[in-house]
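# Structural characterization, general
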Amino acid sequence: MTELPNRSATSQPVAPAPRRGRLLMLLPLIIFLGLAALFWLRLGDGDPSRIPSALIGRPAPQTMLPPLEGLASDGKPVPGLDPAAFKGKVSVVNVWASWCVPCHDEAPLLTELGKDKRLQVIGINYKDSPENARRFLGRYGNPFGMIGVDGNGRAAIEWGVYGVPETFVVGRDGKIAYKLVGPITPENLDRVLKVEIDKALRAPGS
């Protein structure tokens, strides 16, 4: 008596298992490409302000930073960064360095912002040498009422800095209201940054 072939064993295609394995291997790549596409879509208009920050709406980091050695204004040493200064006044915090090429381009625009008496402009000097930082400010002028030196980059990490330069708007309540990734330009100064500063100035209870 001839046995019938076991159809459950012979009729099943063998391809699905390897195909499933290949799909599992490709899954991380698919996820990565999807996230990359989303990232580029959000940045498609070239506006760096679209990069989100987890710190928006949270208190500014409470890290004190030492002053820039040898820097004075009107014969008085320019103080370092004291987080207590954020309370009660809208602040523009700029992370900069003398070796940063875009920082040279945005320096005159920061000087313009520094003339606005409704706010205070604060600098965080990132991984720079005191001599080069002072030379930079001597060349372009010093818009900063206080400058904290971040020699090891730890403060930049606490501020969630992607790269230099970056600029933050801090409300009178001491919370970060806005973050601009990349240099200040004539376009985003008027179209974006000043708008966010005005929002912070008008914010009730801030």
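Here, the structure is the one placed above.
Residues numbered from 1 in each chain as written. Predicted model: local features only at pLDDT ≥ 70, side-chain atom pairs only at ≥ 80, totals over all residues. Heavy atoms only, no water.

With that settled, consider unusual backbone geometry. The step from V164 to P165 runs through a cis peptide bond, and the omega angle for that step is 0°. Among the secondary structure elements, P165 is positioned in the loop between α5 (154-158) and β6 (166-170). Positioned with a positive phi, D74 is a non-glycine residue whose angle comes to about 55°. By the secondary structure assignment, D74 is in the loop between β1 (72-73) and β2 (76-77). Here K127, not a glycine, exhibits a phi torsion of approximately 45°, which is positive. With respect to the helices and strands, the residue K127 is situated in the loop between β4 (119-126) and α4 (130-140). Note on K127: relative accessible area 42%, which makes it partly exposed. (Helix = DSSP H or I, 4+ residues; strand = E, 2+ residues; numbered from the N terminus. Buried < 20%, exposed > 50% of the residue type's maximum accessible area, 1.4 Å probe, protein only.)

If you walk through the whole model with that rule in mind, you get six salt bridges. For the salt bridge of E166 with K179, the shortest nitrogen-to-oxygen distance reads 3.5 Å. Of this pair, E166 sits in strand β6 while K179 is found in strand β7 (residues 176-181), placing the two residues 13 residues apart along the sequence. Since its relative accessible area comes to 0%, E166 is described here as buried. Judged by its relative accessible area of 3%, K179 falls in the buried class. Across the pair K199 and E196 runs a salt bridge, and its minimum N-O distance is 3.5 Å. Of this pair, K199 and E196 both sit in helix α6 (residues 186-202), three residues apart, roughly one helical turn. Each of the salt bridges in this network shares a partner with another, and the network as a whole consists of E112, D190 and K194. (Salt bridge = Lys/Arg side-chain N within 4 Å of Asp/Glu carboxyl O.)

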